Amino acid sequence: MEKETQNGKAAVLGLQHLLAMYAGAVAVPLLIGTGLGFNQEQMTYLISIDIFMCGLATLLQLTVNRFFGIGLPVVLGCAIQAVAPLILIGTDKGVGAIYGSIIASGIFVVLAAGFFSKIKKLFPPLVTGTVITVIGLTLIPVAIEKMGGGSAAATNFGDKTNLLLAFVTIGLIVGVQMLGKGFIRSIAVLIGLVGGSLLAGLMGMINLDAIGQAPLFHVPQPFYFGKPTFDIWSILLMIIISIVSMVESTGVYFALGDITGKKVGEEELKKGYRAEGLAVILGGIFNTFPYTGFSQNVGLVQLSGIKTRKPIYFSAAFLIILGLFPKIGAIAQIIPEPVLGGGMLVMFGMVAVQGIRMLLDVDFDNDKNLLIVAVSIGFGLGFNIMPSLFGQLPETIQMFTGNGIVMSSVTAIVLNLVFNGIKKDEAIIEEAFEK
């Protein structure tokens, strides 16, 4: 009886972890699918398989063997920093190139796991903080367009109804953060999306066709969107994003290690990276997206005081089961664009703030560091806003110069090496990881 009670509590805690990460997890396929113009049937599959793979990826990370698995209570979800690059790749090179680049980047992560301790010297808080800040800032215009109704070219863009729904959603999220406590605060975004959707329903703006037309049950299908293609420039772009995700996951691993009292050494990190790389490869095969450790679930581990993996096993199982029923995935499709935009504005803003928090560890009394961040953010935002600046250059070069995240990453890495050198990087990053 006592064991059943413990399992029941663990299941409830697992459900809490699922709810905390659910909005962030489905946001990635929603953004990418709508950005690439996927139809209703494709969107239903994309969201459902994403939920399924989040569970499978989490399970891989929980399971410890001699090859992979960090064994910490970590939840894996789709990397938000991959949204803009994948939309760019899909628009320029086609959907096949998206999944070819994801598979290749996953293989890179698996192979790089053993020597990432050397590579990570190139990614101190100065670089990663700058890049993550740019990721958040470059995504905000996507959220703004959705707040207005989804397309700036539409006749009803920015009408009173769309703005009302968007700002009510934002208001609910802010209100829950201000007044809510504990678990309620942790699902503020989810509450905002549900509340905004309910208001839209009362206004007759909810279309349930996606749920009605979705099949009751499906089995994950490899290469649902066709065979992958392997474009070298797309692969290089995704490798950069994968390295940023590895750095982000490293912070999650060290935070969880500190909370649970478990030593996170080189061997544990290597297994963690390998599990993440394997999850990314499977994501490419089953046509979802790259995975990384979700930082929003770290707070729940500390909040609940339950530091074992059992609740996360339940969470992974729930995600896998939910992913097998497309009608559940289709529910995310009924969220109106303005509501989704309001939630995304908050989430993308939080991504930018996370980058700014990382930059707090940087010594800005050093004018060189100020210059690195200033130029990197300027390149990242400026070239993203005005990619036509490089319209006279070859198309392969434009693919990089038109992506603010890539330009920011390359600029920050190169300038940091020029001004600070590798030895200083090592000292900085070791100090950051100890914190």
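Thresholds applied
- Residues numbered from 1 in each chain as written.
- Predicted model: local features only at pLDDT ≥ 70, side-chain atom pairs only at ≥ 80, totals over all residues.
- Heavy atoms only, no water.
- Helix = DSSP H or I, 4+ residues; strand = E, 2+ residues; numbered from the N terminus.
- Buried < 20%, exposed > 50% of the residue type's maximum accessible area, 1.4 Å probe, protein only.
- Contact = heavy atoms within 4.5 Å.
- Areas by Shrake-Rupley, 256 points an atom, 1.4 Å probe, with all protein chains shown as cover.
- Polar contact = N/O pair within 3.5 Å; in protein donor to acceptor, adjacent residues only side chain to side chain.
- Salt bridge = Lys/Arg side-chain N within 4 Å of Asp/Glu carboxyl O.
- Axes fitted to C-alpha atoms, helices over the stretch in contact; angles between N-to-C directions.
- Parallel < 35°, antiparallel > 145°, perpendicular 65-115°, else oblique.
- Left-handed = near helix turned anticlockwise from the far one by under 90°.
- Nonpolar A, V, L, I, M, F, W, Y, C, P; charged D, E, K, R; others polar.
- Core = buried A, V, L, I, M, F, W, Y, C linked by side-chain atoms within 4.5 Å.
- pLDDT = per-residue confidence, 0-100.

A. A look at the overall build of the chain. Secondary structure assignment for the chain yields 20 helices and two strands. The 435 residues of the chain split such that 53% are buried. Sequence separation of 24 or more characterises 83% of the internal contacts of the chain that already satisfy a separation of 6 or more. Carbon and sulfur atoms form 66% of the exposed surface of the chain, whose accessible area is close to 18,600 Å².

B. Structural context of the side chain of Ser315. Note on placement: Ser315 falls in helix H14 (residues 310–323). In terms of polar contacts, Ser315 uses its side chain to reach the backbone carbonyl oxygen of Gly14, at 3.3 Å. When neighbours within four sequence positions are excluded, Ser315 is seen to be in contact with Gly14, His17 and Leu18.

C. Molecular detail of the pattern of salt bridges. If you walk through the whole model with that rule in mind, you get two salt bridges. The shortest N-O distance in the salt bridge between Lys146 and Glu337 comes to 2.8 Å. A residue pair is termed long-range when its members are at least 10 positions apart, and Lys146 in helix H6 (residues 125–147) and Glu337 in helix H16 (residues 337–359) qualify at 191 residues. The class for Glu337 is partly exposed, based on a relative accessible area of 27%. Here Glu267 ties to Lys270 by a salt bridge, and the two come within 3.6 Å at their closest N and O atoms. A residue pair is termed a helical-turn pair when its members lie 3 or 4 positions apart in one helix, as Glu267 and Lys270 do in helix H12 (residues 266–285) at three residues. What makes Glu267 partly exposed here is its relative accessible area of 39%.

D. Quick peek at the packing of helix H9 (residues 188–202) against H16. H16 packs onto H9 with a crossing angle of 160 degrees between their chain directions and a minimal axis gap of 9 Å. In terms of orientation, H9 and H16 fall into the roughly antiparallel class. As H9 packs across H16, the resulting crossing turns out to be right-handed. Listed contacts from H16 to Val189, Gly192, Leu193, Gly196 and Ser197 of H9 are Val339, Leu340, Gly343 and Met347. Within the contact of H9 with H16, the residues separate by chemical class into five nonpolar, four polar and no charged.

E. Highlighting the nonpolar core. Ranked by internal contacts, the top residues of the largest apolar core, which has 109 residues, are Ile80, Val83, Leu86, Tyr253, Phe289 and Tyr291. For this core, the leading source of residues is helix H11 (residues 232–260), giving 14 residues. With near-sequence residues (within four places) excluded, Phe289 lies in contact with Val28, Pro29, Ile32, Leu46, Cys78, Leu86, Tyr99, Ile102 and Gly283.

F. The environment of Ser408, seen in detail. Looking at the secondary structure, you find Ser408 in helix H19 (residues 404–419). Considering only alpha carbons, one finds Ser408 and Phe383, 25 residues apart in sequence, at a separation of 9.4 Å. The contact partners of Ser408, leaving out residues within four places of it in the chain, are Thr130, Val131, Val134, Ser376 and Gly380.

G. Representation of unusual backbone geometry. With phi around 55 degrees, Phe223 is a residue other than glycine that occupies positive phi space. Inspection of the secondary structure puts Phe223 in the loop between helix H10 (209–213) and H11. Here the phi dihedral of Asn287 falls at roughly 65 degrees; this positive angle occurs in a residue that is not glycine. Here Asn287 is to be found in the loop between H12 and strand E2 (291–293).

H. Inspection of the packing of helix H2 (residues 40–62) against H14 at higher detail. The interhelical angle for the contact between H2 and H14, taken along N-to-C directions, is 150 degrees, at an axis separation of 7 Å. By the criterion of interaxial angle, the relationship of H2 to H14 is roughly antiparallel. Handedness of the H2/H14 crossing: left-handed. Each of Ser48, Ile51, Phe52, Cys54, Gly55, Leu56, Thr58, Leu59 and Leu62 in H2 lies in contact with H14, whose residues at this interface are Ile312, Tyr313, Ala316, Leu319, Ile320, Leu322 and Gly323. Here the residues of the contact of H2 with H14 are counted per class, giving twelve nonpolar, four polar and no charged.

I. Local environment of the confidence of the model for the chain. Per-residue confidence for the chain averages 84 on the pLDDT scale, and 90% of its residues sit at or above 70. Of all secondary-structure elements in the chain, the lowest mean pLDDT belongs to helix H20 (residues 421–434), at 50, while helix H4 (residues 95–112) reaches the highest, 96. A low-confidence stretch, residues 424–435 (pLDDT under 50), is modelled with 19 contacts involving residues beyond four sequence positions or located in other chains.

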